[in-house]
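Remarks on the overall topology
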2 protein chains.
Amino acid sequence: MLGLMQSWPLTVDKILDHAARWHGHREIVTRSVEGPIVRGTYAECHDRAKRVSSALKGWGVKLGDRVATLAWNTQRHMEAWYGIMGIGAVCHTLNPRLFPEQIAWIINHAEDRIIFVDLTFVGVLEQILPKCPTVERVVVMTDAWNMPQTTLPRAECYEQVVAESSNVCEWGGFSEETACGLCYTSGTTGDPKGVMYSHRSNFLHTLVGLQADVLATSVRDTILPVVPMFHANAWGVAFAAPAVGAKLVLPGAKMDGQSIYELLSTERVTTSAAVPTVWQMLLTHLQSHGLKLPDLERVTIGGAACPETIIRAFHDDYGVDVFHAWGMTETSPLGTTGSLTPEVSSQPFDQQVPYRLKQGRPPIGIELKLTDDEGNILPHDGKTFGHLMVRGSFVAGSYFKGAGGNILDKQGFFDTGDIATIDPIGYMQITDRAKDVVKSGGEWISTIDIENIALGHPAAEQTAVIGVPHPKWDERPILIVKLKEGETATRQDFLDFLQGKIAKWWMPDDVVFVDDIPLGATGKIDKKVLRARLKDYRLPSASPEPA
Amino acid sequence: MLGLMQSWPLTVDKILDHAARWHGHREIVTRSVEGPIVRGTYAECHDRAKRVSSALKGWGVKLGDRVATLAWNTQRHMEAWYGIMGIGAVCHTLNPRLFPEQIAWIINHAEDRIIFVDLTFVGVLEQILPKCPTVERVVVMTDAWNMPQTTLPRAECYEQVVAESSNVCEWGGFSEETACGLCYTSGTTGDPKGVMYSHRSNFLHTLVGLQADVLATSVRDTILPVVPMFHANAWGVAFAAPAVGAKLVLPGAKMDGQSIYELLSTERVTTSAAVPTVWQMLLTHLQSHGLKLPDLERVTIGGAACPETIIRAFHDDYGVDVFHAWGMTETSPLGTTGSLTPEVSSQPFDQQVPYRLKQGRPPIGIELKLTDDEGNILPHDGKTFGHLMVRGSFVAGSYFKGAGGNILDKQGFFDTGDIATIDPIGYMQITDRAKDVVKSGGEWISTIDIENIALGHPAAEQTAVIGVPHPKWDERPILIVKLKEGETATRQDFLDFLQGKIAKWWMPDDVVFVDDIPLGATGKIDKKVLRARLKDYRLPSASPEPA
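In every chain, residue numbers begin from 1 and rise along the written sequence. Chain letters start at A and ligand numbers start at 1, both assigned in the order the entries are written. Owing to the predicted nature of the model, reporting of local features is limited to residues with pLDDT of at least 70; listing and counting of side-chain atom pairs is limited to 80 or more, with chain, interface and lining totals taken over all residues. Heavy atoms throughout the structure, all of them, feed into the side-chain values; hydrogens and water do not.

**A few points about the interface of chain B and chain A**
Residue contacts follow a heavy-atom distance rule, with two residues in contact if any of their heavy atoms lie within 4.5 Å. With 79 residues of chain B at the contact, the number on the chain A side is 79 residues. Summed over both sides, the interface between chain B and chain A buries roughly 5900 Å², with carbon and sulfur atoms accounting for 60% of that surface. Whenever Lys or Arg places a side-chain nitrogen within 4 Å of a carboxyl oxygen from Asp or Glu, that contact is recorded as a salt bridge. Applying the counting criterion to the chain B and chain A interface returns six salt bridges. Here Arg 220 of chain A ties to Asp 213 of chain B by a salt bridge, and the two come within 3.7 Å at their closest N and O atoms. Polar contact is the term for a pair of N or O atoms within 3.5 Å; when the atoms are in protein, one must be able to donate a hydrogen and the other to accept it, and sequence-neighboring residues count only if both atoms are side-chain atoms. Where chain B meets chain A, there are 36 residue pairs in polar contact (both at pLDDT 80 or more). What counts as buried area is the accessible surface, traced by a 1.4 Å probe, that two parts surrender upon association, with contributions from both included.

**Considerations on helix H10 (residues 276-289) of chain B**
All names here are of chain B. Taking 1.5 Å as the rise per residue, H10 with 14 residues should run 20 Å; its terminal C-alpha atoms sit 20 Å apart, in good agreement. Inspection of H10 places Pro 276, Val 278, Trp 279, Leu 282, Leu 283, His 285 and Leu 286 among the buried residues, and these make up the whole buried set. Among the structural elements, helix H9 (257-266), strand E12 (271-274), strand E13 (298-301) and helix H11 (308-318) are those in contact with the buried residues of H10. The positive-phi residue at the C-terminal boundary of H10 is Gly 290, with phi of around 60°. The way it works is that DSSP assigns letters per residue, a run of H or I at least four long becomes a helix, a run of E at least two long becomes a strand, and they are numbered from the N terminus. One less than the number of residues in a helix, times 1.5 Å, gives the span that helix is expected to have. Here the term buried applies to any residue with accessible area under 20% of the maximum for its type, exposed to any over 50%, and partly exposed to those in between, with areas from a 1.4 Å probe on protein chains only.

**Concerning the relation of the copies chain B and chain A**
The copies were overlaid with a least-squares fit restricted to C-alpha atoms from residues scoring a pLDDT of at least 70 in each copy. Under the fitted operation, chain B is carried onto chain A by 0.0 Å of movement along the axis and a turn of 180°, and the coordinates agree to an RMSD of 0.1 Å. Here the two chains are linked by the operation of a two-fold rotation axis. Taken as a fraction of all interface residues of chain B, those also at the interface in chain A reach 100%, which identifies the copy contact as same-surface.

**A closer look at the nonpolar core**
For this analysis, a nonpolar core means a set of buried residues of the types Ala, Val, Leu, Ile, Met, Phe, Trp, Tyr and Cys, connected via side-chain atoms within 4.5 Å. Counting residues in hydrophobic clusters, the biggest one holds 164 residues, and the most contacted among them are Leu 56 and Phe 116 of chain A together with Leu 56 and Phe 116 of chain B. Once residues lying within four places of it in the same chain are set aside, the contact partners of Phe 116 of chain B are Val 52, Leu 56, Val 67, Ala 68, Thr 69, Leu 70, Ala 80, Ile 84, Val 139, Met 141 and Tyr 158 of chain B. Membership of the second largest hydrophobic core comes to 59 residues, among which are Ile 128, Cys 132, Ile 260 and Phe 349 of chain B.

**What about the sheet that holds strand E6 (residues 137-140) of chain B?**
All names here are of chain B. A pair of strands counts as paired when DSSP detects no fewer than two bridges linking them. Reading across the sheet, the seven strands line up as E7-E6-E5-E3-E4-E8-E9 and stay open at both edges, with mixed pairing between neighbours. In this open sheet, the two edge strands, each paired with only one partner strand, are strand E7 (155-157) and strand E9 (194-198). Between one strand axis and the next, the sheet turns by 25° as a mean value, whatever way the strands run. The pairing of strand E8 (residues 179-184) with E9 spans five bridges and is classified as antiparallel. Note that in E9 the partner of Ala 179 across the bridge is Ser 198. Structural elements are reduced to axes, namely lines fitted to C-alpha atoms, with helices fitted over the stretch in contact, and the angle between N-to-C directions of any two is expressed from 0 to 180 degrees. With respect to the sheet, helix H3 (residues 75-86) is in contact with strand E3 (66-70), strand E4 (90-93), strand E5 (114-117) and E8, its orientation differing from that of E4 by roughly 145°.

**Here we look at the packing of aromatic side chains**
In this description, a pair of aromatic rings is defined by centroid distance and the angle of the planes. All names here are of chain A. Each pair of aromatic rings taken from Phe, Tyr and Trp, with Trp reduced to its six-membered ring, is defined by centres within 6.5 Å and is described as stacked if the planes are under 30 degrees apart, edge-to-face if over 60, and tilted in the remaining cases. For the structure on display, the rule yields 22 aromatic pairs over all chains. For the pair Trp 279 and Phe 314, a centre-to-centre distance of 5.6 Å together with 85° between the ring planes defines the contact as edge-to-face. Of this pair, Trp 279 sits in helix H10 (residues 276-289) while Phe 314 is found in helix H11 (residues 308-318), placing the two residues 35 residues apart along the sequence. On the basis of relative accessibility, which here comes to 0%, the residue Phe 314 falls in the buried class. Considering the side-chain rings of Trp 505 and Trp 506, the 6.2 Å spacing of their centres and the 85° angle between planes classify their relative orientation as edge-to-face. An aromatic cluster of at least three residues, connected via ring pairs, comprises Trp 81, Tyr 82 and Phe 239. In this arrangement the basic side chain of Lys 50 is found over the ring face of Trp 171, its NZ or CZ atom lying 4.3 Å from the centre. Only lysine NZ and arginine CZ atoms are considered, and such an atom sits over a ring when it is within 6 Å of the ring centre and within 35 degrees of the ring normal. Positioned above the aromatic ring of Tyr 318, the side-chain terminus of Lys 292 is 5.0 Å from the ring centre.

**Quick word on the side chain of Arg 361 of chain A**
Along the chain, the position of Arg 361 of chain A falls in the loop between helix H13 (349-356) and strand E16 (366-371). Positive charge is attributed to Lys and Arg, negative charge to Asp and Glu, and no charge count is given to His or to the chain ends. There is no salt bridge for the buried Arg 361 of chain A, and the closest opposite charge comes from Asp 213 of chain A, which lies 4.7 Å off by N-O distance. Setting aside residues up to four positions removed in sequence, Arg 361 of chain A forms contacts with Gly 335, Thr 336, Thr 337, Ser 339, Thr 341, Ile 425, Gly 426 and Tyr 427 of chain A together with His 23 and Val 219 of chain B.

**Notes on the packing of helix H1 (residues 13-22) of chain A against helix H8 (residues 237-244) of chain A**
Residues and elements named next belong to chain A. Packing of H1 against H8 brings their axes to within 7 Å, and their N-to-C directions diverge by 40°. In this structure, H1 crosses over H8, and the sense of that crossing is left-handed. On the side of H1, the interface is formed by Ile 15, Leu 16, His 18 and Ala 19, while H8 contributes Phe 239, Pro 242 and Ala 243. Each helix crossing is assigned a hand: it is left-handed if the near helix lies turned anticlockwise from the far helix by less than a right angle, otherwise right-handed if that turn is clockwise.

**Quick word on the packing of H9 of chain B against H10 of chain B**
All names here are of chain B. Axis separation between H9 and H10 bottoms out at 8 Å; the angle between their running directions is 80°. Between H9 and H10, the interaxial angle falls into the category roughly perpendicular. Counted together, Gly 257, Gln 258, Ile 260, Tyr 261 and Leu 264 of H9 and Met 281, Leu 282, His 285 and Leu 286 of H10 form the full contact between these two elements. Of the residues in the contact of H9 with H10, the class split is six nonpolar, three polar and no charged. By the definition adopted for this analysis, an angle is roughly parallel if under 35 degrees, roughly antiparallel if over 145, roughly perpendicular if from 65 to 115, and oblique otherwise. Throughout this entry, Asp, Glu, Lys and Arg are counted as charged residues, while Ala, Val, Leu, Ile, Met, Phe, Trp, Tyr, Cys and Pro are counted as nonpolar. The remaining residues, Gly among them, count as polar.

**Remarks on the pattern of salt bridges**
If you walk through the whole model with that rule in mind, you get 74 salt bridges over all chains. Between Glu 176 of chain B and Arg 200 of chain A there is a salt bridge; the shortest N-O distance is 2.7 Å. Of this pair, Glu 176 of chain B sits in the loop between helix H6 (158-164) and E8 while Arg 200 of chain A sits in helix H7 (residues 199-209), on two different chains. With relative accessibility at 10%, the residue Glu 176 of chain B sits in the buried group. A single network of salt bridges, built from pairs that share partners, joins Glu 34, Arg 48, Arg 76, Glu 79 and Glu 159 of chain A.

**Remarks on the sheet that holds strand E2 (residues 37-41) of chain A**
All names here are of chain A. Read from one edge of the open sheet, eight strands run E2-E1-E11-E10-E12-E13-E14-E15, paired in mixed fashion. The sheet terminates laterally at E2 and strand E15 (334-337), the two strands that pair on one side only. On average, each strand axis in the sheet is inclined to that of its neighbour by 20°, with strand direction left out of account. Here four bridges tie strand E13 (residues 298-301) to strand E14 (residues 321-327), and the two strands are oriented parallel to one another. Residue pairing in the sheet places Thr 300 in a bridge with Phe 323 of E14. Each of strand E1 (27-31), E2 and strand E11 (247-250) is contacted by helix H3 (residues 75-86), which is oriented at about 115° to E11, the strand it contacts most.

**With respect to the environment of Ala 163 of chain A**
Residue and element names in this part refer to chain A. Within the secondary structure, Ala 163 is located in helix H6 (residues 158-164). Assessed through its relative accessible area of 59%, Ala 163 is described here as exposed. A C-alpha to C-alpha distance of 48 Å links Ala 163 and Asp 418, two positions 255 residues apart in sequence.

The structure is reproduced here in structure tokens:
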């Protein structure tokens, strides 16, 4: 027997429809790529998104066709998104921080037909498009005055397209399972892989994210997503803000401390979302200029573990609540958030900090489990390391074109590739990447923990830990250090520094000093390269000891 | 092209699974029907709900079978709910406030196979069950000690059933469109009609309700739903609380001011939901005993318009935020909520009151429109009266067994039967029922507005307004008054009292004094009966005037 409720497919065009109808006058403020700060509204954004849809239909774009964007967070980017998604085409957000040849590979793999591009990236496209045969047209997101001379074939001026297209164009009317967005993971192993969001998954992710215990976005908020729309939908903000009618402030190309401060301050932003480096730049700017942010209430930090100093500085000096969120492209991305349970919130701030440093708890809609190498469930004791597995309605089931084959376990859980603990209150903490964790005598050692502690040594500029083979323990950790310019330190200095801060059996067997620690395209340490560089390294502890 | 996210059906068993796994130790506190206050947890509730499922399966209950409850808000009722829904049977919540013959009619129409009943209602069932041939078994929700002697055939003792059944029983595994809950509307016109919720509609309603701008329920909340689970799922609280792990306080059979105060106070309740009469009883109790409620932060009021005095008293004397919510059985029920927009929240409290008195704004997931009699869209000017039409994923598409035929307009909107206005900020206000509104000279007059204002006259105990035929204006309003005992007043007294408080053309053409104003089963004025009683009444203004 079926229920008898209305059929109302969860398609994301309804989100911008809702914003235009019930919050039409609410502002969208953008630091434009051309320079000036410009102001629009949801009603205007909706009208212009409809024009984008009309133009796309005029160019023959059909249900399921991929239309890409290579762009910062701006109102025009929002318009292009909803214009693409509203007619059932797939909005493919390209990550401009990748190397040009990676971008070209991804465009070809996705078979993008049209690309919306910001002025910043016209040069990149000019360089790679000759190698991208599926791309028929490029829309430069600017006005006629700022339209550059370009070697791009069939380059359109966005404002001219919008002006010349009809604002009457039907949205929706297709299944909620229809593909909606495409985002490639950075691909530290093998080629990049495409995560294909559906309208349903994006809509459900939006509803879950709006919960009081998740991002808690309200119509009374002014929200500034520093996290880019090309990073898993700006953590959902591009959907969540219009869904509740929050005022939206978009930073365009400028994410330095001063630029972000200026928007936070003049637009009276109440909440924001960004990676730790952005918050560190903002803090430095605030501190060195003696500035305050009286309207800012809470910020969400994700993408990497947030240092304790940032959480404390925001709390103590600025009265801002910092919440961790964890997720990945494959989880849309919200997997856990660090909102406080009553057990934690009833404690003084100092006792809250250990929980605030963790990645948080899963909301309804996300199932998490910790497993050992054989798939057995591990306890939530806050100590046991396990593979973090995730299941839910907005978690990837497979990659585009079947890349990577089956990615789910027998129970349908996706392997995040992360190693984590879960404590008895339910807070999850990422301890390592599965491919990086050191397995010593059957126990797992977190390279991230040791790296972060070693980085506290005053002479260290960068630190990394990798496992190297050991005849007795299978693997043992070694610490790799790049010293700050002009500093000196010895192996023993670092071992002494770690003494008492980590378990004895976690103590690295050696310290190796290097001139350079290799980073990947997204700024994280590339341990694959590091391991390759050290492939001839032999542990002193692994050599037969002198009799 | 389809998205490639996981298939994860939205079935409500996942909600209690989530609560047990991530908030297993959080409390459920119940004022038991037997008397004492008893304490349980989500983990225990989950374990016992599984046992209910095992028992139902043992009794041959299959997917789609209707299993009824006739019960107050208690942990056992929650267990029965999830136990029924988890195996894909339909949880049919019977309203004990209906007349016994109505309950019997509804049981027969639903073809209920099993009924879970509280001690309070065993007598009612004994009286009607001989007329209900589909009912095979009754489970009395008590323990062996309190099990009554009963003439009910095949009466089971709940605690014995739970103790003897296995806590291992598979939940879910069926389509999210599967029927989940059945709730009959009170049926002021014609027979009662069944609204058949699906797992999907209840799950989506839960997510929408958890938004910061709707009910904003958090893990840090302690929530007391006074509104019964047989009234459209306790406005969703029976799903929302476990979905976030909020502590749940259930009032059982006692909803008087003192009993509710006791639970609010000792359990440190932060939020609650009830109809205005409950809040009025609580206020009276607080005021007459000089009590405070330091933990209570916000209350949701629905089911009827909330008088300004209640909103002001809660705010001024108790620091509690009162929010209106509007909905009906057919909307699951949340249709609108009165959370404040920045335009309203930035004003002083006195200026907020007119908005707080309205029924509120629709969240994402609900579409509203106002139409005239021909279905044309009317403006959101806060003045124009129109039919309130609603569409969304948790709005009824048809009634059980096709009762009432097609209930949607051509665009798929459900006609609420309410007349409303919507103001430019988006706040909706119910002005009347469509069958009660007075249509005078092509314009609509709100009988509710006039009734409420006239009720402010110190001599009035009850007031009602109905339309009566008029040769020139089609209809004109008359005011019907029941005076307080010992009070006297004239027609002119009431007309003078209304003068200046309503538009001139709204002024009733006559005032009729009566001994009794008829009420329906749910306590609302039965205007159908009132109109029948006054069918021979002739307007003085409709008679030919003396020359």
